[in-house]
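Next come the chains, spelled out residue by residue.
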Amino acid sequence: MKKIIIIGSGIVGISAAYHLAGKADVTVIDRKEVGRATDAAAGIVCPWIAQRRNKAWYALAKGGARYYRDVVAELMNEGERDTGYKRVGTLALHEDKKLNEMLERTTLRREEAPEIGELTRLSAEEAKVLFPPLSDEYDALLVAGGARVDGEKLRAALERVAVKRGVKLIDGSAVLVEEDGYHVECDGVRYEADEIVLACGAWLPELMEPIGYTARVSGEKAQIVHVQLPNVDASDWPVVMPPRRRYLLGFEGGRVVIGSTHERDKAFDARPTAIGVHEVLAKGLESAPGLAEAELIETRVGFRPVTPNSIPVLGRVPGAEKLLVANGLGSSGLTVGPFIGKVLADLVLTGDCELDLSLYPIEDHVYRQLQ
């Protein structure tokens, strides 16, 4: 059996461990850093409506959305009933011209992605029936295949099954060491491995700098606000995607998640800030004024790993092929995380995967420092 070390137990790392469990000797090391993106995030699985023409991103996002059906079914078969995933549909809000373009684009994409499901144009009044706090400003497109994910619940379900299958978890700060190849040290203990998976999100540069590599990945700060409506069950409300990078998600117990900020140059400042919370609430209430009297119960802060050109990093490190990296997923982390874990496991076990890795040129973002 191959011996594999995975650094990072967010959605990507723990998914890789889950897919390798029972097929390799797997150890996951994580120091439980404050601001880990998975812990803060509430994910939206609906990539098909996006206007982005980035082929690399869409291939990854489409594969991630499709793969949820399989991985959730596997988890359910393992007795995991609370995976944090629910197919509730997505309401995309916009003015008529944009909605017509969105409907046309998504209808074409449905030919290759039948999981999109039914597409229905709704009036503002019809949308409010499905998500009562909404304003009367926008009509909507309902995408039946859209879903929401509680990142930490999904991560925990994958972890429980992985541990049951023999994966070992270590709490601590991993250090990469180059010495006759590469190994990992953690709290004075040396760990050898045939392959090392680096799934540490925005902390990748810190991990790679001591072995002489530059990693062009940074943390984009996201502040996400949770409010609660009394005597309401929002668990079946669709995901709402208003214009201008906003979202609203309903959960059990009347909880509604409003997101989010996209703050560059604020990496690892995990404080909720007045301006950040104001921005999120102002945008959220503009789209859903019916939340004005909801109780403010929580603000979460996470750091999305992003690259300068927003193209993810995926594959073996040039000049250090024993090291594999998956990073730079940005706000798509929960959409693609379980799928990326499978891709990493396939690379480790077979040397190949279903993605065209040339779309994610790792040498653009991870390379040896000049001496």
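Above this text is the structure in question.
Just so you know, these numbers come straight off a predicted model, no measurement behind them.

The rules behind these values
Residues numbered from 1 in each chain as written. Predicted model: local features only at pLDDT ≥ 70, side-chain atom pairs only at ≥ 80, totals over all residues. Heavy atoms only, no water. Helix = DSSP H or I, 4+ residues; strand = E, 2+ residues; numbered from the N terminus. Rg over C-alpha atoms; globule rule 2.2 N^0.38 Å. Buried < 20%, exposed > 50% of the residue type's maximum accessible area, 1.4 Å probe, protein only. Contact = heavy atoms within 4.5 Å. Areas by Shrake-Rupley, 256 points an atom, 1.4 Å probe, with all protein chains shown as cover. Lys, Arg positive; Asp, Glu negative; His and termini not counted. Charge placed at Lys NZ, Arg CZ, Asp CG, Glu CD. Pairing = 2+ DSSP bridges. Phe/Tyr/Trp six-rings, centres within 6.5 Å; stacked < 30°, edge-to-face > 60°. Axes fitted to C-alpha atoms, helices over the stretch in contact; angles between N-to-C directions. Parallel < 35°, antiparallel > 145°, perpendicular 65-115°, else oblique. Left-handed = near helix turned anticlockwise from the far one by under 90°. Nonpolar A, V, L, I, M, F, W, Y, C, P; charged D, E, K, R; others polar. Polar contact = N/O pair within 3.5 Å; in protein donor to acceptor, adjacent residues only side chain to side chain. Core = buried A, V, L, I, M, F, W, Y, C linked by side-chain atoms within 4.5 Å. 1 Å grid on protein atoms, 1.4 Å probe; cavity = no way out; pocket = protein on both sides within 12 Å on 5 of 7 lines; lining within 4 Å. Points joined across faces, edges and corners; volume = space filled by probe spheres on them.

(A) Structural context of the overall build of the protein. For the protein, the count of helices and strands is 9 helices and 22 strands. For 371 residues, the compact-globule formula gives about 21 Å, and the C-alpha radius of gyration of the protein, at 21 Å, lands near that figure. Principal-axis analysis of the C-alpha atoms places the extent of the protein at approximately 65 × 45 × 45 Å. In the protein, which comprises 371 residues, the proportion classed as buried is 56%. In the protein, the proportion of contacts linking residues at least 24 apart, taken out of those at least 6 apart, comes to 73%. Element-wise, carbon and sulfur atoms account for 51% of the exposed surface of the protein, whose accessible area totals about 15,700 Å². The averaged location of the 55 negative side-chain charges in the protein is 1 Å from the averaged location of its 46 positive side-chain charges.

(B) Summary view of the pairing of strand 15 (residues 218-228). Most of strand 15 is tucked away, with 9 of its 11 residues classed as buried. Bridge count for strand 15 against strand 19 (residues 295-306) is 11 bridges, and the pairing is antiparallel. Following the sheet pairing, Ser218 is matched in strand 19 by Val306. Direction of pairing for strand 15 relative to strand 18 (residues 255-259): antiparallel, over a ladder of 4 bridges. Paired with His226 across the strands is Val257, a residue of strand 18.

(C) Here's a closer look at the packing of aromatic side chains. Inspection of every chain in the model, using the stated rule, returns 7 aromatic pairs. Note on Trp203 and Phe303: the rings are 6.4 Å apart at their centroids and 85° apart in plane angle, and the pair reads as edge-to-face. In this pair, Trp203 is assigned in the loop between strand 13 (195-198) and helix 7 (204-208) and Phe303 in strand 19, connecting sequence segments 100 residues apart. Summarising the burial analysis for this pair, Trp203 and Phe303 share the class buried. Of the aromatic side chains, those joined through ring pairs into one cluster are Trp203, Phe268 and Phe303.

(D) Region of the structure containing the sheet that holds strand 1 (residues 3-7). Pairing is mixed across the open sheet formed by 6 strands, whose spatial order is 9-2-1-13-21-20. Both edges of this open sheet fall to strand 9 (168-171) and strand 20 (313-317), since each of them pairs with a single strand only. Ignoring strand direction, the axes of neighbouring strands in this sheet form an average angle of 20°. One ladder, built from 4 bridges, connects strand 1 with strand 13; its direction is parallel. Across the sheet, Ile5 pairs through a bridge with Ile196, a residue of strand 13. Of the strands in this sheet, strand 1, strand 13, strand 20 and strand 21 (320-327) are in contact with helix 9 (residues 333-350), which crosses strand 21 at around 170°.

(E) Structural detail: the packing of helix 1 (residues 11-20) against helix 9. Axis separation between helix 1 and helix 9 bottoms out at 7 Å; the angle between their running directions is 45°. Between helix 1 and helix 9, the angle is such that the two are oblique. Seen from above, helix 1 lies across helix 9 with right-handed handedness. Between helix 1 and helix 9, the contacting residues are Ile11, Val12, Ser15, Ala16, His19 and Leu20 on the first element and Gly333, Leu334, Gly337, Pro338, Ile340, Gly341, Lys342, Leu344, Ala345, Val348 and Leu349 on the second. When grouped by side-chain class, the residues that make up the contact of helix 1 with helix 9 number 11 nonpolar, 5 polar and 1 charged.

(F) Spatial organisation of the side chain of Asp30. One can find Asp30 in strand 2 (residues 25-30). On the accessibility criterion, Asp30 (10% relative accessible area) is buried. One polar contact links the side chain of Asp30 to the main-chain amide nitrogen of Ser9, over a distance of 2.6 Å. When sequence neighbours within four positions are dropped, the list of residues in contact with Asp30 reads Gly8, Ser9, Gly10, Arg36, Ile170, Asp171 and Gly172.

(G) The arrangement of the nonpolar core in detail. In terms of nonpolar packing, the biggest core is built from 73 residues, with Ile6, Val26, Ile340 and Leu344 touching the most fellow members. Considering each element in turn, this core owes the most residues, 11 residues, to helix 3 (residues 55-77). Once you skip the residues sitting within four places of it in the chain, Leu344 turns out to touch Val12, Ala16, Val197, Leu314, Leu324, Val325 and Ala326. Counting 26 residues, the second-largest nonpolar core is a separate cluster that includes Ile7, Ile29, Val184 and Val317.

(H) Focus on the layout of surface pockets. For the second largest pocket, the calculated volume is near 250 Å³. Contributing to the lining of the second largest pocket are 19 residues, with Arg148, Asp150, Lys153, Phe251 and Glu252 lying nearest its centre. Contributions of two or more residues to the lining of the second largest pocket are made by helix 3, strand 4 (85-86), strand 8 (147-150) and strand 18. Class assignment for the residues of the lining of the second largest pocket results in 7 nonpolar, 3 polar and 9 charged.

(I) Here's a closer look at the sheet that holds strand 11 (residues 182-186). Taken in spatial order, the 3 strands line up as 10-11-12 in an open sheet, and their pairing is antiparallel. Two strands in the sheet have a free side with no partner beyond their single neighbour: strand 10 (174-178) and strand 12 (189-191). Across the sheet, the axes of successive neighbouring strands diverge by a mean angle of 35°, strand direction being ignored. Pairing of strand 11 with strand 12 involves 3 bridges; the strand directions are antiparallel. Across the sheet, residue Val184 finds its bridge partner in strand 12, namely Tyr191.

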